[in-house]
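For reference, the chains in residue letters:
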Amino acid sequence: MYSKSFATKTILMGDDLSSIDQFKELVSNVLKKDKKETLKTVTESNLCGRGGAGFPTGMKWNLCSQQKVEKKYVVCNADEGDSGAYSDRYLLEEQPLKVIFGMLVCAYIIGSDEGVLYIRGEYPKSIEIINGAINELKKANLLGKNILGTNFSCDMTICIGQGAYICGEESALIASIEGRRAEVDVRPPFPVVEGLYKKPTVVNNVETLAAIPCILKFGAKTFSSVGNAKSAGTKLVCLDSLFKKPGVYEIDMGTPMKKIINEIGEGFVQPVKALQVGGPLGGVIPIKEVEKLNLDFQEFTKAGFMLGHGSVVSIPESFSMVKYIHHLFKFSSDESCGKCFPGRLGSYRGKEMFDQALNKSNKIPIKLLNELLVTMKKGCLCALCGAIPVPISNILKYFTHEFKDDINQSA
Ligand SMILES: Cc1cc2nc3c(=O)[nH]c(=O)nc-3n(C[C@H](O)[C@H](O)[C@H](O)COP(=O)(O)O)c2cc1C
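Residues numbered from 1 in each chain as written. Predicted model: local features only at pLDDT ≥ 70, side-chain atom pairs only at ≥ 80, totals over all residues. Heavy atoms only, no water.

Q: Please explain the sheet that holds strand β5 (residues 201-205) as it appears in this structure.
A: Pairing between the strands of a sheet is mediated by backbone hydrogen bonds and can be parallel or antiparallel. Sheet architecture is open: four strands sit in the order β4-β3-β2-β5, paired in parallel fashion. Across the chains shown, the open sheet's two edge strands, defined by having one partner strand only, are β4 (155-161) and β5. Across the sheet, the mean angle separating the axes of adjacent strands is 20° when strand polarity is ignored. Bridge analysis of strand β2 (residues 73-78) against β5 gives five bridges, and the strand direction is parallel. Its bridge partner lying in β5, Tyr73 is registered against Thr201. On top of the sheet, helix α5 (residues 96-110) reaches β2, β3 (114-120), β4 and β5; it is set at about 155° to β2, its chief contact. Lying on the sheet, helix α6 (residues 124-139) is in contact with β3 and β4; it crosses β4 at an angle near 170°. (Pairing = 2+ DSSP bridges. Helix = DSSP H or I, 4+ residues; strand = E, 2+ residues; numbered from the N terminus. Axes fitted to C-alpha atoms, helices over the stretch in contact; angles between N-to-C directions. Contact = heavy atoms within 4.5 Å.)

Q: Even after reading the chapter, I still don't get empty space enclosed by the protein, so can you show me in this structure?
A: A probe as big as a water molecule, rolled over the atoms, marks out the empty space that is left. In this structure the tally under the stated criterion is two cavities of 30 Å³ or more. One number sums up the size of the largest cavity: a volume of about 70 Å³. Lining the largest cavity are Ile166, Val184, Ser336, Cys337, Cys340, Gly343, Cys380, Leu381, Cys382, Leu384 and Cys385. Here the lining of the largest cavity is built from residues that sort into nine nonpolar, two polar and no charged. Estimated volume of the second largest cavity: approximately 50 Å³. Every residue lining the second largest cavity is listed: Val27, Val30, Leu31, Phe101, Leu104, Val105, Tyr108 and Phe152. (1 Å grid on protein atoms, 1.4 Å probe; cavity = no way out; pocket = protein on both sides within 12 Å on 5 of 7 lines; lining within 4 Å. Points joined across faces, edges and corners; volume = space filled by probe spheres on them. Nonpolar A, V, L, I, M, F, W, Y, C, P; charged D, E, K, R; others polar.)

Q: Would you mind going over the site of the ligand with me for this structure?
A: In the region of the ligand, 18 residues are neighbours, and Gly51, Lys60, Asn204, Asn205 and Thr208 sit closest. In this structure, an oxygen atom belonging to the ligand sits 3.3 Å away from a main-chain N or O atom of Arg50. Side-chain polar atom of Asn77 to an oxygen atom of the ligand: 3.0 Å apart, as the coordinates give it. Burial of the ligand by the protein amounts to 90% of the accessible area it has alone, namely 620 Å². Because more than half of its atoms lie within 2 Å of the grid, the ligand is assigned to the largest pocket. Of all the elements in the fold, those that place two or more residues in the shell around the ligand are β5 and α17 (383-386). The element best represented in the shell around the ligand is β5, accounting for three residues. Class assignment of the residues belonging to the shell around the ligand gives a composition of four nonpolar, eight polar and six charged. (Near = heavy atom within 4 Å. Polar contact = N/O pair within 3.5 Å; in protein donor to acceptor, adjacent residues only side chain to side chain. Areas by Shrake-Rupley, 256 points an atom, 1.4 Å probe, with all protein chains shown as cover. Sits in = over half its atoms within 2 Å of the grid points.)

Q: Help me understand the domain arrangement of the protein chain, please; the structure alone is not making it clear to me.
A: How big an interface is tends to be stated in terms of accessible area lost as the parts join. Each assigned domain of the protein chain is listed here: domain 1 (1-319) and domain 2 (321-408). Placing a centre on the C-alpha atoms of domain 1 and another on those of domain 2 gives a separation of 30 Å. Listed per partner, the contact involves 25 residues of domain 1 and 21 residues of domain 2. Of the roughly 2,000 Å² buried at the junction of domain 1 and domain 2 (both faces included), carbon and sulfur atoms supply 69%. Close ionic contact of Asp185 with Lys339 constitutes a salt bridge, the shortest N to O distance being 3.5 Å. The tally of links between domain 1 and domain 2 comes to nine residue pairs in polar contact (both at pLDDT 80 or more). (Domains from an automatic or database assignment. Buried area = accessible area lost by both parts, 1.4 Å probe. Salt bridge = Lys/Arg side-chain N within 4 Å of Asp/Glu carboxyl O.)

Q: How should I be thinking about unusual backbone geometry in this particular structure?
A: The bulk of non-glycine residues show a negative phi, and the bulk of peptide bonds are trans. Looking along the chain, the bond that leaves Arg187 and enters Pro188 is cis, with omega of 0°. Looking at the secondary structure, you find Pro188 in the loop between α7 (170-177) and β5. Here Pro188 and Pro189 are connected by a cis peptide whose omega angle stands at 0°. Among the secondary structure elements, Pro189 is positioned in the loop between α7 and β5. Within the chain, Asn146 stands out as a residue other than glycine whose phi angle is a positive 45°. Mapped onto the elements of the fold, Asn146 is located in the loop between α6 and β4. The phi torsion at Glu266 lies on the positive side, around 60°, for a residue other than glycine. With respect to the helices, strands and loops of the structure, Glu266 is situated in the loop between α11 (257-264) and β8 (272-277).

Q: What is the right way to look at the sheet that holds strand β10 (residues 311-316) in this model?
A: One open sheet holds the six strands; their spatial order is β1-β7-β6-β10-β8-β9, and the pairing between them is mixed. Edge positions in the sheet fall to β1 (3-5) and β9 (284-286), since each of these pairs with one other strand and no more. Neighbour to neighbour, the strand axes of the sheet diverge by 25° on average, direction disregarded. In terms of strand pairing, strand β6 (residues 234-239) meets strand β7 (residues 247-252) through six bridges, oriented antiparallel. When the bridges of β7 are listed, Lys235 appears paired with Ile251. Lying on the sheet, helix α4 (residues 87-94) is in contact with β1, β6 and β7; it crosses β6 at an angle near 115°.

Q: Got a minute to help me understand the layout of surface pockets in this structure?
A: Computed from the structure, the largest pocket encloses a volume of approximately 1,300 Å³. In terms of lining residues, the largest pocket is bounded by 47 residues, among which Gly51, Gly52, Ala53, Gly54 and Ala383 are the most central. Breaking the lining of the largest pocket down by element, the ones donating at least two residues are α3 (57-65), β5, α13 (297-302) and α17. Split into classes, the residues belonging to the lining of the largest pocket amount to 21 nonpolar, 16 polar and ten charged. Both domains that furnish three or more residues to the lining of the largest pocket are identified here as domain 1 (1-319) and domain 2 (321-408). In this structure, the second largest pocket encloses a volume near 230 Å³. In terms of lining, the second largest pocket is formed by 14 residues, of which the most central are Arg180, Asp185, Glu194, Gly195 and Lys198.

Shown next, in the form of structure tokens:
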């Protein structure tokens, strides 16, 4: 797998935590310090969750630490189901100690003695490497009972996902670990209050956790000085095989997308008309529009798109956007957990409209389609079916010319 850092500081890809001795030194520093001081550092780094929603990590840990309950959990979300995303896989396989260290620090701060890594079953090598790292750390008394002779104990286990996209959504993920059907839950209560086995739980993405060692080792400022207050630090970005230099790159937040596409990815191997950034729920952005943006969560959202987890899928000039929307509806109808009917039925009805357009048996009833998109956006329980209208609306807005023969304007 091609991977490289184009960041001013190699927070995620540096080899500053690659041995058990380095891990031991970092853990003993944390255990000597006041928990509040460590939490303050994480908060002041302005680290925001890398799993898609971008919730401030320090705030999440603080909320969980305030719960007056004896049993708490830390869950690492390594279900990485977004199309074109393989940055979590890179971290699990190349930087496993950073991920586990992030979980251990979180456990220490919130008062938990148990962590679970939920790793997708399609990543057997990641599972093997993380399992090996856990065993080595246990042998070195850096996991398990009374870590380094203190009264802090913490064990970690792996739960293997079975290939459902919805299992990456935190409430469905929790249900899946518990052995229940992976359905989304109504929130509140949020997992920090009532999560795994109804106990306070922090669920964090792999990349979020992997940023913790650098933040603690080099200070909050090292991280927050890159990018800006709301989009701080570096981000792993995955470029797909239509780039001349595909791969996973560590890039400073705030870097112009134009640079990422043309200099880092070295442009495309064939003509590309749009990029879908941030997985199947992320925006579909015409090349001209994406070149106006910087790598920044807020900028993407303001422009009507979503940076999400940072995967980039290129849509070739020759690929029909009618087919692309059909694929998006098919994806959400296949992967919907089925709990809410705007998601379960809405995505299926959308797929039907595009089935009929593709087999030329009916034109797309545009008024009905727009009403369907609003209903799904407003009525769905989670972002799987609730955010799929984002890329679909982007396509309808920017690629109208591709639909002129397939649309029924009066229905
Ligand atoms: C349908 C769906 C799939 C998701 N898949 C993932 C995933 O694979 N990995 C992940 O970390 N977060 C995923 N999320 C976001 C999680 O629900 C959650 O916000 C995240 O794990 C929190 O971690 P963070 O604060 O570190 O970002 C998904 C959300 C939705 C709605």
